[in-house]
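Secondary and tertiary structure notes
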Amino acid sequence: MMKKLKLILPLLLLSGMVELLQAQTPQLSQFMNQPLYLNPAYAGATRAHRFMVHHRAQYLGQTAGNFNTSIFSYDAFFTKSFGVGALITQDAQSLSGDQIWGGELTTRTASLLIAYEQVLNRNNVRLRGGIQLGAGQRGLNEDGLIFGNGLTPTTGGQGFDPLTNSLQGSLYSDVSV
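The structure reproduced in this document is the subject of the present report. If you're wondering where the values come from, they're calculated on a predicted model, not measured in any experiment.

1. Re the packing of aromatic side chains
- On inspection of all chains with the given rule, the structure shows 1 aromatic pair.
- Taking 5.1 Å as the distance between ring centres and 55° as the angle between the ring planes, the aromatic pair formed by Phe82 and Tyr116 counts as tilted. Remark: Tyr116 occurs in strand β4 (residues 105–119) and Phe82 occurs in strand β3 (residues 82–94); sequence separation between them is 34 residues.
- The ring of Phe77 has Arg47 sitting right over it, with the charged end atom 4.3 Å from the ring centre.

2. Things to note about the sheet that holds strand β6 (residues 170–176)
- If you trace the 6 strands from one edge of the open sheet to the other, you get β1-β2-β3-β4-β5-β6, paired in antiparallel fashion. Whereas interior strands pair on both sides, the edge strands pair on one side only; in this sheet they are β1 (50–58) and β6. In this sheet, neighbouring strand axes are inclined to one another by 10° on average, regardless of whether the strands run parallel or antiparallel.
- Sheet analysis places β1 next to strand β2 (residues 66–78), joined by 9 bridges and oriented antiparallel. When the sheet's bridge partners are listed, Ala57 is paired in β2 with Asn68.

3. Focus: a nonpolar patch on the surface
- A grouping of Phe78, Phe82, Leu112, Ile114, Tyr116, Ile131, Leu133, Val175 and Val177 is seen on the molecular surface, where their side chains present a nonpolar patch of about 810 Å² in accessible area.
- In terms of residue count, the dominant contributor to the nonpolar patch is β4 (3 residues).
- Taking relative accessible area as the criterion, Tyr116 reaches 36% and is therefore assigned partly exposed.

4. Looking at the environment of Ala115
- Here Ala115 lies in strand β4.
- Residue classification places Ala115 among the buried residues on the basis of a relative accessible area of 1%.
- A sequence separation of 13 residues divides Ala115 from Arg128, and the C-alpha atoms of the two residues are 6.9 Å apart.
- The residues touching Ala115, leaving out its near neighbours within four places in the chain, are Pro40, Ala41, Ala43, Ser81, Phe82, Gly83, Arg128, Gly129 and Gly130.

Conventions and cut-offs
- Residues numbered from 1 in each chain as written.
- Predicted model: local features only at pLDDT ≥ 70, side-chain atom pairs only at ≥ 80, totals over all residues.
- Heavy atoms only, no water.
- Phe/Tyr/Trp six-rings, centres within 6.5 Å; stacked < 30°, edge-to-face > 60°.
- Helix = DSSP H or I, 4+ residues; strand = E, 2+ residues; numbered from the N terminus.
- Lys NZ or Arg CZ within 6 Å of the ring centre and 35° of its normal.
- Pairing = 2+ DSSP bridges.
- Axes fitted to C-alpha atoms, helices over the stretch in contact; angles between N-to-C directions.
- Patch = residues over 30% accessible without salt bridge, like charges linked within 9 Å, V, L, I, M, F, W, Y side chains within 5 Å.
- Areas by Shrake-Rupley, 256 points an atom, 1.4 Å probe, with all protein chains shown as cover.
- Salt bridge = Lys/Arg side-chain N within 4 Å of Asp/Glu carboxyl O.
- Buried < 20%, exposed > 50% of the residue type's maximum accessible area, 1.4 Å probe, protein only.
- Contact = heavy atoms within 4.5 Å.

What follows is the structure, encoded as structure tokens:
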């Protein structure tokens, strides 16, 4: 009983230290076709080299509000217990509806995935875990926007929203387990 308590208590303490984060990630209808996007532990799970490409275009018939997501991934199984992979994503939202690959609001990420597999018993029961280390860039193209005061970035003038200036090519890091 005491051993279990010693194991559970640190996990409870660590889970309480996690900061509440809010984010929006693209939702895929065929998520099972991009396993590395779901979980970094899938890196090297097939025991072979694997390259995948996935593209999602949503709301194409509308004049505004198109969402386009592209995901490229590669993974391979190395040594007896390790798998490695790479994941590149681009998510673009177009407000004007005329841009497929660009978009006014664009998020790009690149990640390295490392997975470890441990055999637990003689019946070949296995446990897999993984970590994802990545970097991202979020950008805003102001050319398609019209602000509340009627000014556009191309016509000039004062009154730009400070939020838009903070999204000009902002970089961030990302760690997932």
